[in-house]
Amino acid sequence: MPVVMFHDALASPDAWRDGLAARIPELDFRVWPDIGDPGEIEFAMVWNLPPGSYAGMTGLRCICSLGQGVDHLFLDPDLPRDVPIMRLVDPWMSQSMTEWILLNLLYFHRQGPEYDALVRQHRWHVLPPPETSECRVGIMGLGALGLHAARAISGLGFPTAGWARTARTVDGVEVYSGNGQLTDFLARTDVLCCLLPLTAATRGIINTDTLALLPRGTFVINAARGAHIVDEDLLAALDSGQVAGAALDVFHTEPLPPEHAYWAHPAVRVWPHVSAQTNPATALEQVAAAIRRVADGRIPENLVDPTLGY
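Sequence order as written defines the numbering, with residues in each chain counted from 1. Selection of residues for local features in this predicted model requires a pLDDT of at least 70, selection of side-chain atom pairs for listing and counting requires 80 or more, and totals for whole chains, interfaces and linings are taken over all residues. The side-chain values count all of the structure's non-hydrogen atoms but skip hydrogen atoms and water molecules.

Let's talk about helix H1 (residues 14-23)
Which entries qualify depends on this criterion: Buried, partly exposed and exposed residues are distinguished by accessible area as a fraction of the type maximum, computed with a 1.4 Å probe on protein chains only: under 20%, between the cut-offs, and over 50%, respectively. A run of H or I in DSSP counts as a helix once it spans at least four residues, and a run of E counts as a strand once it spans at least two, with each numbered from the N terminus. The arc in question is the one traced by the directions running from the helix axis out to the C-beta atoms. Every residue pair with non-hydrogen atoms within 4.5 Å of one another is taken to be in contact.
Among all positions of H1, only Trp-16, Gly-19 and Leu-20 are buried. The arc that holds every buried residue of H1, seen down its axis, measures 95°, which confines them to one face. Counted as exposed and oriented over 90 degrees from the buried face of H1: Asp-18 and Ala-22. Here the buried face of H1 lies against strand E1 (3-8), strand E2 (28-31), strand E3 (43-47) and helix H9 (280-295).

Overview of the sheet that holds strand E12 (residues 268-270)
Rules: Two strands make a pair as long as DSSP finds a minimum of two bridges between them. Helix axes are fitted only over the stretch in contact, all axes being lines through C-alpha atoms; the angle between N-to-C directions runs from 0 to 180 degrees.
In space, the seven strands of this open sheet follow the order E8-E7-E6-E9-E10-E11-E12, with parallel pairing throughout. Since the sheet does not close on itself, it has two edges, and those belong to strand E8 (174-177) and E12, each with one partner. When strand polarity is set aside, the average angle formed by the axes of neighbouring strands in this sheet is 15°. Along the sheet, helix H2 (residues 91-109) makes contact with strand E6 (137-140), strand E9 (191-194), strand E10 (218-222), strand E11 (243-248) and E12, crossing E10 at roughly 160°.

Here we look at the pairing of E10
Which entries qualify depends on this criterion: By the criterion used throughout, a crossover qualifies as right-handed when its path from the first strand across the helix to the second strand runs clockwise, the strands pointing away from the viewer.
Burial within E10 is extensive, with five of its five residues counted as buried. Alternating positions in E10 separate into two faces, Thr-218, Val-220 and Asn-222 on one and Phe-219 and Ile-221 on the other, with burial throughout. Pairing of E9 with E10 involves four bridges; the strand directions are parallel. Bridging across to E10, Val-191 finds its partner in Phe-219. Note that the unit made of E9, helix H6 (residues 208-213) and E10 has a crossover that is right-handed. In this sheet, E11 lies alongside E10 in parallel orientation, the contact comprising five bridges. Along E11, the bridge assignment pairs Phe-219 with Gly-245. With helix H7 (residues 231-240) bridging E10 and the parallel E11, this β-α-β connection has right-handed handedness.

Rendered as structure tokens:
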């Protein structure tokens, strides 16, 4: 009988428990911290498990991040280094993320901030229409989420580029790679979208230096991790006009503290980390398949490379 532990302080375990029971009736599903003997846990479904919680899980055979990101797992110094880690790769989440990126991209491109300001003034005024073919969009990160978004954006007629760790070919998308091509990527980008994994190399990557390389009046959209942005640097760029506006779904501290400057800044759109929420209904089959593979002594799919951090 596979023994599974669930932990997600922000979500109910009921949908996961019921859905997995329908697929694996013999499953022993335990919700942290009431997990009984930790040595019996074989498969851990986790999101922000408190540090040290893996102590005693001597039978653990796989850790599953309940999201596409896994950076939170590596914050635990006691994370078992010999246990495979998998992440969710869910087409529903990719679609949801792309919708959120498009929502904010089109708001900025179709002069949403300007028209909102006119509405507040009770002014009926028509602005010159924007030209899609002249709005260059750049996607930082070409994983499952970034590729899905880049293809959709390109399909709408926006000149689209992506920046990734390694070179690759993507139809309709100009790909830049490595630190050597980051400057050129930023210089051609009018709307910057961050969908990078959070690693030591990408932490704080949106800062004074990189923002200065963008064309003046660029928009910034971040749905990856809050730590990709140096908040003080983005706020300074917004105040100077180097960045015209920002849509942010992720932050260093969540929930975003009430006193944070982002709340009151007129050029910032704050979202409560909802761009691509985990959906048990669409992710259950993937998790169930992973549990079956682990129970059979096989390796699950969508494994994380600990040396890369994603």
